[in-house]
Structures are given as structure tokens and as C-alpha cells.
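Residues per chain are reported as follows:
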Amino acid sequence: MTAVTDASGTAPAPGAPGEGTGRGPVAGPRPARAHRLRRPGLVGLVVQPLAIAAALGAFAIWLATADLTAGERTTLDPARILDYTGEHLALTFASAAIVLVIALPLGVVLTRAPFRRASGPILAVANFGQAAPAIGLVVLLASWLGFSFRAAVVALVLYAILPVLRNTMIGLQSVDARLVEAGRGMGMSATAVLFRVELPLAVPVMLSGIRTALVLLVGSAALATFVGAGGLGLLITTGVNLFLPKVLVSGALLIALLALLIDWLGRVVEHVARPKGL
Amino acid sequence: MSRTDTPTTTDAGTGVSGKSILLDQVTKRYAGQSKPAVDGITLEIPAGKIVMLVGPSGCGKTTTLKMINRLIEPSEGRIVLGDDDVTSIDGDELRRRIGYVIQAGGLFPHLTVAANIAIVPKMLGWSKDRIAARVDELLELVSLDPDTYRDRFPRELSGGQQQRVGVARALAADPPVLLMDEPFGAVDPITRQRLQDELINIQQELQKTIVIVTHDFDEAVKLGDWIVIFSEGAHIVQYDTPERILAEPANEFVENFIGSGAGLKQLTLTRVRDVDLAEAVVAREGEPARDVLARVEAAGHQHAVVVDARDRPVRWPSVRQLGRLETIPAGADPDLPVIGSAATLNDALDTMLVSSAGAALVTGRRDAFIGVITVEVVMDAITRAREAAAAASGDAPVGTNTGPLPVLGAPDDAADGSAA
């Protein structure tokens, strides 16, 4: 229910400092204002990839020099890790693409006058998808759709749709109604106002929702291994099942680094795509 | 402002680029409300004039304005622009032919000043060069330097500048009609006054038909050629010139709305240049004081006005002061009560009261001295304005409601008749 009230509220709750990991209960939108602080933002944009690169470098050195058992050596083979990463990204981006295709148009439609009434129930459903435990969702869907890539993607989509949908709606709702009126008053059609005024002004909030969703997806894609859809989660399950703590930690570390990398890419896009003049 | 023109509902007048507007028995009902928001209004807005819609908040004046460009679609009635019935043409197409200005300008924050102004010309398919030239021309018109402001974003402008760009944007495609919804409500009083003066100047040049919604009666008096006073349900209580509304308010509602000081408000209707100024003895710096004194006494005056080489008044010595002088000294008196000829009588009276001289020096072009205005002159102007307003024939444009006025007790059968 909180998500529904959030969506109708004017000021989205500021993101918690640790929001980047995306596992908090509130995958809320960051207020656009947080990005006004240009300088700290820019510093973060530079520091974050350097830290990721450093961590990755340290991991590579450790992997090359550490004293590993044969089993660990096979599991942590760089070529394999690359394969898992590829699967992981495929899961993430396939789900993200579907999320965008569904949530962006839906968010736009739900903020148009004739459909505004439907926004409450639909947000409630989206909220349910988010609130349900991700692992439960993945396994539940797999028992229905079969253990496959497809089941994993469907579960991930359900899980990540809310932040994009809600931020799209909040972004559009927070556009000053007088600007819409000014546009219509000048003779712009409703569609022209949507594409040339409302959406450009909503872009910062929408992008931060998309970034939140991507980070959520990278984390949750680790669960895809339970339904046989691969990904870096495989390292974790292998580590747990065969009691190989080094493999387990490596998997967790790589997923975290991937999430941070995606988060950074999202920030860069937000920085570049933010309309000038705001 | 050319208040002396006879009102015209045609485009015949030279230089008038505006078109007349006619709201013909227009009603707006909202679903779920028993009383209409606007009740059968018939309003004739003459071409090339500024018509002010005033009334208490919630009286339907904004709804009336928005029905002219059909941002709000009327439930009943016709809207005629010039000679065209525009009631059922495409709304977006209609709105491109009508300028629209809202409070604080309503500029799009993600577009530059130039891009904001270019919106309507772009929709109309103008060439790039033509749009660029038009943007510069309009920025000049609203007193903003094109080279400085063209590429700025709205955020980088002051409130007054944003409002100016808002006006420029509304004028972009040279529409015959300009609608303004509380245009100067969001700026400070000094900026507001300046913007009002500028609008008067722009209107003198362009002669558009301008309809302005305001809740500020003083603004209505200052800007309006005609004022429509609304009560609830957009009932027209009085539709007349500012002079006549001030001199002869139609009823108690209007009197209350005008507020106190109707006489003083009339002073804002007359400019210093419109009244007969008193003459004065003019002296130059360095002249022998005795000669000047002789001239002052010959004219029967009490003072002489000293002007500098460019005819600007610098000092205003009395007969007694002149008697004590050998020659007229150089140097200016900083507290001299000086008023420009374009100022209102209100401002002139204020200057006189502050200086306690009972009179003020009037300057014309390039601050050159042209005469003296006294309290008597101002009093005389008030008396004549009242007489003129009372004597003026009722040549006001039509403004009525088909529905009964609430003061009449609103019999039910009449209400049914108007709805039919």
C-alpha cells in the first residue's frame, strides 16, 4: 500500500545512501534535486568506476596467485566466469528490455486523464510483485513455466517493473500542470505536449527508476540459477553445495561489482540525458 | 493609451491588427454541478482594445477567458473571432491563432528562450531563417537584448524577464488576439508596474485585441480600455470604461469591488501631458539675479525655474531667495520635485505631497523643462474627468447574461427558459 501512496505524493522519498545495492524495501525514486549537487555527483562518477576496476584487478591477481584446489580451479576458470557473466547480463538486459516495453507505456497511459482511475489497482499489483520474496517468485513461476531462461525472465520482470512504472508516473505527475496548459494554450496537441514537454521534463526521474530496476535485476538474476537459467548465481550455489567458500565469495563479489558497474552506467546516462536548463 | 478613440467592433481602424471577439450566449456546465460555472454570457470584445475581466476569485472569469481559445470547451453557445465562427473548428488549430500568456510566463524550462518563442512558428512550418529573425525582433520588442538572452534557459532569467519572454512567445506568430491569465500576478510590485507600462507601449504599437484576467482592480484601471466586472457564475455586473466605472459604479457590488479611493484611482487615468500646465519664469545659470527677479515680479509669480545648458531644471528659487542673490549660481538641488510628462496625475500628486511645494516641475523629452503642475491643476482635472465620464453616452460593447441576475431573486421559470 505504501507504494500507492508514494506514487500519488509529490515529493518522492530521498534514496538511502546504500540504495545502490537495490535490495531495500523501498526502491523509491531519487528526487531530481539530489542531482543538482553537480560536483559531488561528478566526483562519484569518476571514483566509482576506478573503485570497481581496482576491486576487479585485485580479484584477478588473487585468482592467478591463490592456492586453489582442482575443483575450485575448474569452477573459477576465467573463460567460465566470462560465460556466466554473459548469461547474467543476458538475463538482466532481456528482463530490463521487457520491463521498459511494459512499464514506460503503461506509466504514460496511467497518467492520462481517462485512465487515471486505474492507476491505483495497477500500482497495487505491481507493488505485490515487488513485495513478494524474489526467490519465491522465481521458483513459483518455474513450477508453472518449467525450469528455463523464460521462467527466470518472467519472474525478474515482475520483480523489477514497479520502480520503472512508479517513477514514470511520478515523473509525469510532477510536471507543472501550468506548463501542460501553456503548451495546449499555444496550440500543441496532447501528443505533442506529452513528447515535447512532459516526457523530457520527466526524464531524470524516469531514468533513476530505470537504474534502480537494473541494479535490482543484476542482484536478483543470481537467483536464476535455482531454475537452471545460469548466470553468476551458479558460482554461489556451487560454493554452497560443494562447500567451496572461495567460489561462493568470488560469485558474490562478481555480482556486486557487476551491480555497481551497471549502477555507474546508469548514473552516466542520467548525467548525460538530463535536459539542459533544469 | 488612446482612450479618445471611439470603440469599434470592426477591423476598419488603421493600424489595428486585432480582431473582434464575440461570445454568443456561451454557457459552461461541469458534470455534477447544478449551477453553471459560466451562465449564458454574451460578450463583445472590440478589435484592437484591451479588455480586462475582473471579479472575485471563483467568479468564472478565467473559465470565460479559456473558452475564447477553447482550452475549456463551452457547453452551449457560439464563439466568433473576427468574422469566423470558431465554435467547432479544430481546437489546436484555433489556439495557434491566439496568443496565450499565463502567470510567470509558463516557459518550458528545458528549452532556451529562443526555442520557447519558436514553438508556434515551428508548428506553423516557418523556415529557420524566418523564425530566427522573428525571435530577435520579438526580444527587441519586449526590451531584452537578443544576443544576451537568446540562448539562455528560463532558469537563468528573473521573474520579470520570464514574463517578458512569455509575452514574446505568445506574440510569435503575430496572432490578432492575445489572452492573458493573471499575467503579472507572480512578480514584485515594481517589476509589475514596469511590465504594465511596457504592455501599454507594445499595445500602442501593435493594436492587438487583448483580453486580460486579473483580480487587481487597479491593474484593470491602468491597462484596460474596457473593464468587465463579474460576479459569481460569470454574471456581468458592469461593462464599461474605467472612467465610467469609477465615476458611476453600477451597484454596491461594483462599489465594494472598486474599494476605497475611487477618486484617487481616477488620477491614474490621466497623464501629466494631458492637462494644462502652468507657465513659469525660466532663468539660466550665471544670469544676474536682479533681471530674473524683475521678470518674476512682472509675471506675478513666486518662483523662478533655473535650467542648465540642456534645459533640464536644476533649481527652483523663491522671490525671497532671488532677492538675496547677485547672480544665479550653478549647481543642482537634489530634492527638486520633478515629474515626467508621461507620469500619471497620481504620481504627480505624490511628488508634490512629498516635496511639500504644492507643485512640481514637469519635464518632457530628454528631461527638458516644459512647465509646472500644481495641486489646482490636478483638482481641476479630477472634476472635469468626472463630468466627462458622467456625460459620455452609453456606447459600451454588448455584455449581458441570458440567465437572470441573482439579485433579481432568480425565478425558476426564467432559469428554465435560458437553458432551453
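Computed from a predicted model, the values in this text were never measured in an experiment.

## Re the overall build of chain A
At step 1: Within chain A one finds 11 helices and zero strands.
At step 2: Taken from N to C terminus, the helices and strands of chain A fall in the order α-α-α-α-α-α-α-α-α-α-α.
At step 3: When burial is assessed residue by residue, chain A has 41% of its 278 residues classed as buried.
At step 4: A separation threshold of at least 6 residues defines the contact pool for chain A, and within that pool the share at least 24 residues apart is 76%.

## Some points on the interface of chain A and chain B
Buried accessible area, meaning the area lost when the parts come together, often serves as the stated size of an interface.
At step 1: The interface is formed by 17 residues belonging to chain A together with 19 residues belonging to chain B.
At step 2: Within the residue set of the side of chain A that touches chain B, elements represented by two or more residues are α8 (177-185) and α9 (190-220) of chain A.
At step 3: With six residues, α8(A) is the largest single contributor of residues to the side of chain A that touches chain B.
At step 4: By residue class, the composition of the side of chain A that touches chain B is nine nonpolar, four polar and four charged.

## Section: the nonpolar core
At step 1: A:A152, A:L156, A:I161, B:M52 and B:V228 are the most contacted members of the largest nonpolar core, which totals 174 residues.
At step 2: For this core, the element with the highest residue contribution is helix α7 (residues 149-173) of chain A, accounting for 16 residues.
At step 3: Excluding its chain neighbours within four sequence positions, the residues that come into contact with A:A152 are A:L91, A:V138, A:A224, A:V227 and A:A229.

## Some points on helix α15 (residues 345-355) of chain B
At step 1: Buried within α15(B) we find B:L345, B:A348 and B:T351. For α15(B), the arc enclosing every buried residue in end-on projection is 120°, short of the 170-degree limit, so these residues lie on one face.

## Description of unusual backbone geometry
Residues and elements named next belong to chain B.
At step 1: Its identity is not glycine, yet E182 carries a phi of approximately 45°, on the positive side.
At step 2: Along the chain, E182 turns up in the loop between β7 (177-181) and α8 (189-206).
At step 3: Judged by the 19 C-beta atoms lying within 10 Å of it, E182 falls in the partly exposed class.
At step 4: Here the phi dihedral of A234 falls at roughly 55°; this positive angle occurs in a residue that is not glycine.
At step 5: Tracing the chain through its elements places A234 in the loop between β9 (226-231) and β10 (235-240).

## Observations regarding the sheet that holds strand β2 (residues 38-45) of chain B
One key point about sheets: their strands pair by backbone hydrogen bonds, in either a parallel or an antiparallel sense.
Residues and elements named next belong to chain B.
At step 1: Taken together, the five strands give an open sheet; going across it, the order is β5-β4-β1-β2-β17, and neighbouring strands pair in antiparallel fashion. The sheet is open, and its two edges are formed by β5 (84-85) and β17 (399-401), each paired on a single side.
At step 2: This element, helix α1 (residues 61-68), spans β1 (21-28), β2 and β4 (76-81) of the sheet and lies at about 120° to β1.

## Examining the confidence of the model for chain B
Residues and elements named next belong to chain B.
At step 1: The predicted model of chain B averages 83 in pLDDT, with 90% of residues at 70 or higher.
At step 2: The element-level mean pLDDT for chain B is lowest in helix α17 (residues 412-419), coming to 39, with helix α3 (residues 113-117) highest at 95.
At step 3: The model gives residues 1-13 a pLDDT under 50, and that stretch makes 24 contacts with residues more than four places away or in other chains.
At step 4: Counting contacts from residues 404-420, a segment whose pLDDT is below 50, to residues more than four positions away or on other chains yields 11 contacts.
At step 5: Reported confidences for the modelled complex are a pTM of 0.73 and an ipTM of 0.73.

## Section: the packing of α7(A) against α9(A)
Residue and element names in this part refer to chain A.
At step 1: Remark: α7 packs on α9, axes separated minimally by 8 Å, with the N-to-C direction vectors making an angle of 160°. Classified by the interaxial angle, the pair formed by α7 and α9 is roughly antiparallel. Note that α7 runs across α9; the crossing there is right-handed. In this structure, α7 contributes L156, Y159, A160, P163, V164, R166, N167, T168, I170, G171 and L172 to the contact, and α9 contributes E198, A202, V205, M206, S208, G209, I210, T212, A213, L216, L217 and S220.
At step 2: In terms of residue class, the contact of α7 with α9 is built from 14 nonpolar, seven polar and two charged.

## Considering the sheet that holds β10(B)
Residues and elements named next belong to chain B.
At step 1: In spatial order, the strands read β6-β7-β8-β3-β9-β10; together these six strands make up an open sheet with mixed pairing. Two strands lie at the open edges of the sheet, namely β6 (98-102) and β10, each paired on one side alone. Averaged over all adjacent pairs, the angle separating strand axes in this sheet is 15°, with direction ignored.
At step 2: Across four bridges, strand β3 (residues 50-54) lies against β9 in parallel orientation. Note that in β9 the partner of V54 across the bridge is I229.
At step 3: The strands that α1 touches are β3, β7, β8 (209-214) and β9; relative to β8, the one it contacts most, it runs at about 150°.

## With respect to the packing of helix α7 (residues 159-170) of chain B against α8(B)
Residues and elements named next belong to chain B.
At step 1: Contact geometry for α7 and α8: axes closest at 10 Å, N-to-C directions at 25°. Relative to α8, the element α7 is oriented roughly parallel. Remark: the crossing between α7 and α8 carries right-handed chirality. Mapping the contact onto sequence places G159, G160 and Q163 in α7 and T191, R194 and L195 in α8.
At step 2: Looking at the contact of α7 with α8, its residues break down into one nonpolar, four polar and one charged.

The rules behind these values
- Residue numbering note: each chain is counted from 1, following its sequence as written.
- Chain letters start at A and ligand numbers start at 1, both assigned in the order the entries are written.
- Reporting of local features is limited, given that this is a predicted model, to residues whose pLDDT is at least 70; pairs of side-chain atoms are given and counted only at 80 or more, and all residues count toward the totals for whole chains, interfaces and linings.
- For helices the rule is a DSSP run of H or I covering at least 4 residues; for strands it is a run of E covering at least 2, with both sets numbered from the N terminus onward.
- Exposure criterion: with C-beta atoms placed from backbone coordinates, a residue whose C-beta has 20 or more other C-beta atoms within 10 Å is buried, one with 12 or fewer is exposed, and one in between is partly exposed.
- Here contacts are defined at the residue level, using C-beta atoms placed from the backbone and a cut-off of 7 Å between them.
- Side-chain classes are defined by residue name, with Ala, Val, Leu, Ile, Met, Phe, Trp, Tyr, Cys and Pro counting as nonpolar, Asp, Glu, Lys and Arg as charged, and the others, Gly among them, as polar.
- Linking buried Ala, Val, Leu, Ile, Met, Phe, Trp, Tyr and Cys residues through C-beta atoms within 7 Å yields a set, and such a set is a nonpolar core.
- Each direction from the helix axis to a C-beta atom contributes to the arc, which is the arc of those directions.
- Paired strands, as defined in this entry, are two strands with at least two bridges between them according to DSSP.
- Here the axes come from fitting lines to C-alpha atoms, over the contacting stretch only for helices, and the angles between their N-to-C directions go from 0 to 180 degrees.
- The quantity known as pLDDT measures the predictor's confidence residue by residue, on a range of 0 to 100.
- Between 65 and 115 degrees an angle is taken as roughly perpendicular, under 35 as roughly parallel, over 145 as roughly antiparallel, and anywhere else as oblique.
- For any helix crossing, the convention is left-handed if the near helix is rotated counterclockwise from the far helix by under a right angle, and right-handed if that rotation is clockwise.

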